[in-house]
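Listed below are the residues making up each chain.
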Amino acid sequence: MTDDLLADFVRADREQSLGTYGIHVHREGRPPVEHRFRSDDRVNLYSVSKTFTAVAIGIAESEGRLTVEDRLVDHFPEVRAADGFEKVTLRHLLTMTSGSGHMWFADGRVDAADLLHEFVAEPLVAEPGTRFAYTGSGFYALGRVIARVTGANVRDYLLPRLFRPLDLHNPAWHACPLGFPFAESDLFLRTGELARFTRLILQSGEWEGRQLIPAEFVRRMATDRVDMNEGDAHTDGYGLGIWLEPGGPVRMHGAYGQIALIDRSRRAAITVTAHTEDETAQLTALHDLVLDRLS
(Lines give C-alpha, C1' and ligand atoms only; values in the text may rest on other atoms or scores of the structure.)
Protein backbone atom coordinates (compact mmCIF):
# COMPACT_ATOMS: atom_id res chain seq x y z
CA MET A 1 0.00 0.00 0.00
CA THR A 2 1.05 3.63 -0.41
CA ASP A 3 0.44 6.33 2.19
CA ASP A 4 1.33 10.01 2.56
CA LEU A 5 4.89 9.08 3.55
CA LEU A 6 5.72 8.24 -0.07
CA ALA A 7 3.57 10.81 -1.84
CA ASP A 8 6.35 13.38 -2.29
CA PHE A 9 8.89 10.75 -3.34
CA VAL A 10 6.47 9.37 -5.93
CA ARG A 11 5.90 12.88 -7.24
CA ALA A 12 9.63 13.62 -7.35
CA ASP A 13 10.33 10.37 -9.15
CA ARG A 14 7.90 11.30 -11.92
CA GLU A 15 9.04 14.91 -12.18
CA GLN A 16 12.76 14.10 -12.16
CA SER A 17 12.54 10.79 -14.05
CA LEU A 18 14.39 8.97 -11.29
CA GLY A 19 13.59 5.58 -12.79
CA THR A 20 12.37 3.84 -9.65
CA TYR A 21 10.82 0.39 -10.12
CA GLY A 22 9.58 -0.09 -6.57
CA ILE A 23 10.09 1.24 -3.05
CA HIS A 24 9.39 -0.55 0.23
CA VAL A 25 9.57 1.07 3.67
CA HIS A 26 9.69 -1.00 6.86
CA ARG A 27 9.18 0.71 10.22
CA GLU A 28 9.34 -1.43 13.32
CA GLY A 29 5.88 -1.88 14.84
CA ARG A 30 4.03 -0.45 11.82
CA PRO A 31 2.68 -1.96 8.60
CA PRO A 32 5.07 -1.74 5.63
CA VAL A 33 4.52 1.00 3.06
CA GLU A 34 5.35 0.46 -0.58
CA HIS A 35 4.75 1.76 -4.07
CA ARG A 36 5.37 0.21 -7.47
CA PHE A 37 6.11 2.16 -10.62
CA ARG A 38 6.24 -0.95 -12.85
CA SER A 39 5.79 -4.73 -12.72
CA ASP A 40 7.45 -6.53 -9.83
CA ASP A 41 10.14 -8.42 -11.72
CA ARG A 42 13.40 -9.78 -10.40
CA VAL A 43 16.19 -7.38 -11.27
CA ASN A 44 19.96 -7.36 -11.11
CA LEU A 45 20.98 -6.07 -7.69
CA TYR A 46 24.45 -5.29 -9.00
CA SER A 47 26.75 -4.42 -6.06
CA VAL A 48 24.09 -5.05 -3.43
CA SER A 49 25.15 -8.64 -4.11
CA LYS A 50 28.41 -7.89 -2.28
CA THR A 51 26.53 -7.63 1.01
CA PHE A 52 25.08 -11.12 0.53
CA THR A 53 28.60 -12.46 -0.02
CA ALA A 54 29.84 -10.63 3.08
CA VAL A 55 27.03 -12.23 5.08
CA ALA A 56 28.05 -15.65 3.75
CA ILE A 57 31.55 -15.04 5.12
CA GLY A 58 30.07 -14.09 8.50
CA ILE A 59 27.95 -17.23 8.63
CA ALA A 60 30.88 -19.42 7.60
CA GLU A 61 33.00 -17.81 10.30
CA SER A 62 30.35 -18.64 12.92
CA GLU A 63 30.47 -22.26 11.74
CA GLY A 64 34.22 -22.40 12.30
CA ARG A 65 35.06 -22.77 8.62
CA LEU A 66 37.18 -19.59 8.38
CA THR A 67 37.94 -16.26 10.04
CA VAL A 68 38.02 -12.83 8.46
CA GLU A 69 41.69 -12.64 9.49
CA ASP A 70 42.56 -15.66 7.31
CA ARG A 71 45.01 -15.00 4.52
CA LEU A 72 43.47 -15.63 1.11
CA VAL A 73 46.48 -17.63 -0.12
CA ASP A 74 46.16 -20.05 2.80
CA HIS A 75 42.87 -21.24 1.28
CA PHE A 76 44.47 -21.55 -2.17
CA PRO A 77 48.05 -22.76 -1.70
CA GLU A 78 48.17 -23.80 -5.36
CA VAL A 79 47.97 -20.24 -6.73
CA ARG A 80 51.00 -18.23 -7.78
CA ALA A 81 50.59 -14.93 -5.95
CA ALA A 82 52.20 -11.57 -6.62
CA ASP A 83 54.85 -10.31 -4.22
CA GLY A 84 53.20 -9.11 -1.03
CA PHE A 85 49.86 -10.77 -1.74
CA GLU A 86 50.52 -13.27 1.04
CA LYS A 87 49.53 -10.45 3.44
CA VAL A 88 46.03 -10.05 1.99
CA THR A 89 43.33 -11.23 4.40
CA LEU A 90 39.62 -11.84 3.95
CA ARG A 91 39.03 -8.63 5.90
CA HIS A 92 41.02 -6.74 3.27
CA LEU A 93 38.79 -8.24 0.57
CA LEU A 94 35.61 -7.40 2.49
CA THR A 95 36.71 -3.78 2.88
CA MET A 96 38.23 -3.52 -0.62
CA THR A 97 41.65 -2.64 0.79
CA SER A 98 43.68 -5.53 -0.62
CA GLY A 99 46.09 -3.15 -2.37
CA SER A 100 45.71 -5.10 -5.61
CA GLY A 101 45.75 -3.26 -8.92
CA HIS A 102 43.28 -5.74 -10.41
CA MET A 103 40.09 -4.04 -11.58
CA TRP A 104 37.16 -6.20 -12.67
CA PHE A 105 33.38 -6.09 -12.46
CA ALA A 106 30.77 -8.63 -13.45
CA ASP A 107 29.72 -6.68 -16.54
CA GLY A 108 33.20 -7.23 -17.98
CA ARG A 109 34.47 -10.22 -19.90
CA VAL A 110 36.31 -13.02 -18.18
CA ASP A 111 39.07 -14.03 -20.57
CA ALA A 112 41.35 -15.61 -17.99
CA ALA A 113 41.30 -19.38 -17.55
CA ASP A 114 40.64 -18.69 -13.88
CA LEU A 115 39.70 -15.20 -12.68
CA LEU A 116 40.90 -15.98 -9.15
CA HIS A 117 44.40 -16.84 -10.37
CA GLU A 118 44.47 -13.66 -12.45
CA PHE A 119 43.47 -11.56 -9.43
CA VAL A 120 46.04 -13.08 -7.10
CA ALA A 121 48.85 -12.72 -9.69
CA GLU A 122 48.16 -9.00 -10.29
CA PRO A 123 50.92 -6.84 -8.72
CA LEU A 124 50.00 -4.86 -5.63
CA VAL A 125 49.89 -1.08 -5.93
CA ALA A 126 49.58 -0.44 -2.19
CA GLU A 127 50.28 -2.15 1.11
CA PRO A 128 47.25 -4.30 2.07
CA GLY A 129 44.96 -2.37 4.40
CA THR A 130 46.15 1.10 3.41
CA ARG A 131 44.17 1.95 0.26
CA PHE A 132 40.47 1.62 -0.59
CA ALA A 133 39.84 0.76 -4.24
CA TYR A 134 36.36 -0.12 -5.46
CA THR A 135 36.44 -3.32 -7.49
CA GLY A 136 34.57 -6.60 -7.77
CA SER A 137 37.65 -8.79 -7.82
CA GLY A 138 37.94 -9.25 -4.08
CA PHE A 139 34.32 -10.23 -3.59
CA TYR A 140 34.59 -12.76 -6.40
CA ALA A 141 37.56 -14.20 -4.50
CA LEU A 142 35.49 -14.30 -1.31
CA GLY A 143 32.88 -16.34 -3.15
CA ARG A 144 35.61 -18.76 -4.15
CA VAL A 145 36.70 -19.02 -0.51
CA ILE A 146 33.16 -20.03 0.46
CA ALA A 147 33.25 -22.75 -2.19
CA ARG A 148 36.66 -23.97 -1.00
CA VAL A 149 35.79 -24.20 2.71
CA THR A 150 32.20 -25.46 2.40
CA GLY A 151 32.12 -27.46 -0.84
CA ALA A 152 29.17 -25.36 -2.07
CA ASN A 153 29.23 -22.19 -4.15
CA VAL A 154 28.06 -19.04 -2.39
CA ARG A 155 24.52 -19.25 -3.79
CA ASP A 156 24.05 -22.88 -2.81
CA TYR A 157 25.67 -22.28 0.58
CA LEU A 158 23.16 -19.49 1.31
CA LEU A 159 20.11 -21.43 0.10
CA PRO A 160 19.34 -23.25 3.39
CA ARG A 161 20.94 -20.63 5.65
CA LEU A 162 19.46 -17.42 4.23
CA PHE A 163 17.44 -17.63 1.03
CA ARG A 164 14.92 -20.27 2.10
CA PRO A 165 14.30 -18.87 5.60
CA LEU A 166 13.57 -15.48 3.97
CA ASP A 167 11.39 -17.17 1.32
CA LEU A 168 13.68 -16.04 -1.49
CA HIS A 169 12.78 -18.91 -3.76
CA ASN A 170 15.43 -20.17 -6.19
CA PRO A 171 17.23 -16.85 -6.84
CA ALA A 172 19.37 -16.56 -9.96
CA TRP A 173 23.01 -15.56 -9.55
CA HIS A 174 25.05 -15.24 -12.73
CA ALA A 175 28.29 -17.17 -12.73
CA CYS A 176 31.76 -17.09 -14.27
CA PRO A 177 32.83 -19.60 -16.98
CA LEU A 178 33.95 -22.00 -14.23
CA GLY A 179 30.48 -21.96 -12.70
CA PHE A 180 31.18 -19.87 -9.60
CA PRO A 181 28.69 -17.04 -8.89
CA PHE A 182 30.18 -13.62 -9.56
CA ALA A 183 29.59 -12.86 -5.84
CA GLU A 184 30.20 -9.14 -6.35
CA SER A 185 27.14 -8.59 -8.56
CA ASP A 186 24.42 -10.20 -10.69
CA LEU A 187 22.15 -11.63 -7.99
CA PHE A 188 18.53 -11.13 -9.08
CA LEU A 189 15.67 -10.40 -6.64
CA ARG A 190 12.35 -8.52 -6.47
CA THR A 191 11.98 -5.34 -4.43
CA GLY A 192 10.06 -7.11 -1.68
CA GLU A 193 12.54 -9.96 -1.57
CA LEU A 194 15.45 -7.59 -1.12
CA ALA A 195 13.37 -5.76 1.51
CA ARG A 196 13.28 -8.92 3.62
CA PHE A 197 17.07 -9.12 3.55
CA THR A 198 17.27 -5.41 4.40
CA ARG A 199 14.98 -5.94 7.36
CA LEU A 200 17.13 -8.90 8.45
CA ILE A 201 20.15 -6.60 8.69
CA LEU A 202 18.09 -4.04 10.64
CA GLN A 203 17.11 -6.82 13.06
CA SER A 204 20.76 -7.80 13.65
CA GLY A 205 20.41 -11.03 11.71
CA GLU A 206 17.29 -12.36 13.47
CA TRP A 207 14.27 -13.54 11.49
CA GLU A 208 11.09 -14.93 13.01
CA GLY A 209 12.89 -16.28 16.05
CA ARG A 210 15.92 -17.63 14.18
CA GLN A 211 19.38 -16.06 14.20
CA LEU A 212 20.28 -16.38 10.52
CA ILE A 213 23.36 -14.14 10.69
CA PRO A 214 25.45 -13.80 13.86
CA ALA A 215 24.45 -10.52 15.54
CA GLU A 216 28.09 -9.76 16.27
CA PHE A 217 28.97 -10.00 12.58
CA VAL A 218 26.12 -7.65 11.64
CA ARG A 219 27.51 -5.20 14.18
CA ARG A 220 31.02 -5.55 12.75
CA MET A 221 29.75 -4.88 9.25
CA ALA A 222 29.20 -1.27 10.32
CA THR A 223 32.01 -0.83 12.84
CA ASP A 224 34.96 -2.33 10.92
CA ARG A 225 35.23 0.88 8.94
CA VAL A 226 37.81 1.96 6.38
CA ASP A 227 38.30 5.46 5.05
CA MET A 228 37.58 5.87 1.35
CA ASN A 229 39.69 9.05 1.13
CA GLU A 230 36.84 10.53 -0.87
CA GLY A 231 33.08 10.46 -0.78
CA ASP A 232 29.90 12.46 -0.89
CA ALA A 233 27.33 13.87 1.49
CA HIS A 234 25.77 10.44 2.05
CA THR A 235 28.95 8.36 2.41
CA ASP A 236 31.30 8.19 5.38
CA GLY A 237 33.40 5.11 4.74
CA TYR A 238 33.03 1.44 3.93
CA GLY A 239 32.56 -1.51 6.26
CA LEU A 240 32.37 -5.27 5.72
CA GLY A 241 30.49 -5.28 2.44
CA ILE A 242 28.35 -2.25 3.26
CA TRP A 243 28.52 1.56 2.88
CA LEU A 244 28.47 3.74 5.98
CA GLU A 245 26.62 7.04 6.12
CA PRO A 246 27.15 10.07 8.39
CA GLY A 247 25.21 9.80 11.62
CA GLY A 248 24.83 6.03 11.70
CA PRO A 249 22.75 4.71 8.77
CA VAL A 250 24.26 2.03 6.54
CA ARG A 251 23.55 1.40 2.88
CA MET A 252 23.66 -1.36 0.33
CA HIS A 253 24.12 0.22 -3.08
CA GLY A 254 24.12 -1.28 -6.55
CA ALA A 255 24.43 0.33 -9.97
CA TYR A 256 21.47 2.14 -11.49
CA GLY A 257 19.84 2.78 -8.13
CA GLN A 258 19.50 -0.53 -6.28
CA ILE A 259 19.52 0.90 -2.75
CA ALA A 260 18.77 -0.38 0.75
CA LEU A 261 19.01 2.14 3.59
CA ILE A 262 19.06 0.91 7.20
CA ASP A 263 18.69 3.37 10.08
CA ARG A 264 18.79 1.72 13.51
CA SER A 265 18.04 4.97 15.34
CA ARG A 266 14.72 5.19 13.50
CA ARG A 267 14.25 1.38 13.49
CA ALA A 268 13.52 1.68 9.79
CA ALA A 269 14.68 0.27 6.47
CA ILE A 270 14.04 1.55 2.95
CA THR A 271 14.52 -0.66 -0.10
CA VAL A 272 14.48 0.49 -3.72
CA THR A 273 15.02 -1.14 -7.09
CA ALA A 274 15.39 1.07 -10.12
CA HIS A 275 17.12 1.91 -13.35
CA THR A 276 18.32 5.47 -13.01
CA GLU A 277 21.11 7.38 -14.65
CA ASP A 278 21.23 9.82 -11.71
CA GLU A 279 21.86 7.85 -8.55
CA THR A 280 22.83 10.98 -6.62
CA ALA A 281 19.43 12.56 -7.24
CA GLN A 282 17.68 9.34 -6.30
CA LEU A 283 19.64 8.92 -3.06
CA THR A 284 19.08 12.56 -2.13
CA ALA A 285 15.33 12.17 -2.71
CA LEU A 286 15.26 9.04 -0.54
CA HIS A 287 16.92 10.92 2.30
CA ASP A 288 15.04 14.20 2.00
CA LEU A 289 11.59 12.88 1.14
CA VAL A 290 11.49 9.56 3.02
CA LEU A 291 14.20 8.78 5.58
CA ASP A 292 14.41 12.23 7.14
CA ARG A 293 10.64 12.27 7.61
CA LEU A 294 10.52 9.07 9.63
CA SER A 295 9.93 9.58 13.34
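Preceding block: the structure.
In this text the structure is predicted, and so the values were computed from the model without any measurement.

J.: So what's going on with empty space enclosed by the protein? Which residues, and what values?
T.: Tallied over the full model, the rule gives 2 cavities of 30 Å³ or more. A volume near 100 Å³ is recorded for the largest cavity. A per-class count over the lining of the largest cavity returns 4 nonpolar, 8 polar and 1 charged. In this structure, the second largest cavity encloses a volume near 50 Å³. Secondary-structure elements contributing two or more residues to the lining of the second largest cavity are helix H2 (49-62) and strand E9 (250-254). Broken down by element, the residue count for the lining of the second largest cavity peaks at 3 residues, all from E9. Among the residues making up the lining of the second largest cavity, the classes are represented as 5 nonpolar, 4 polar and 2 charged.

J.: Go over the packing of helix H1 (residues 4-16) against helix H10 (residues 279-289), please, and point to the residues and values.
T.: Contact pair H1 / H10: the axes reach a minimum separation of 9 Å and the direction vectors enclose 160 degrees. Of the possible angle classes, the one that applies to H1 and H10 is roughly antiparallel. Both H1 and H10 take part in a crossing whose hand is right-handed. Residue-level contacts link Leu5, Asp8, Phe9, Ala12 and Gln16 of H1 to Ala281, Gln282, Ala285, Leu286 and Leu289 of H10. Here the residues of the contact of H1 with H10 are counted per class, giving 7 nonpolar, 2 polar and 1 charged.

Scoring rules and cut-offs
- Residues numbered from 1 in each chain as written.
- Predicted model: local features only at pLDDT ≥ 70, side-chain atom pairs only at ≥ 80, totals over all residues.
- Heavy atoms only, no water.
- 1 Å grid on protein atoms, 1.4 Å probe; cavity = no way out; pocket = protein on both sides within 12 Å on 5 of 7 lines; lining within 4 Å.
- Points joined across faces, edges and corners; volume = space filled by probe spheres on them.
- Nonpolar A, V, L, I, M, F, W, Y, C, P; charged D, E, K, R; others polar.
- Helix = DSSP H or I, 4+ residues; strand = E, 2+ residues; numbered from the N terminus.
- Axes fitted to C-alpha atoms, helices over the stretch in contact; angles between N-to-C directions.
- Parallel < 35°, antiparallel > 145°, perpendicular 65-115°, else oblique.
- Left-handed = near helix turned anticlockwise from the far one by under 90°.
- Contact = heavy atoms within 4.5 Å.

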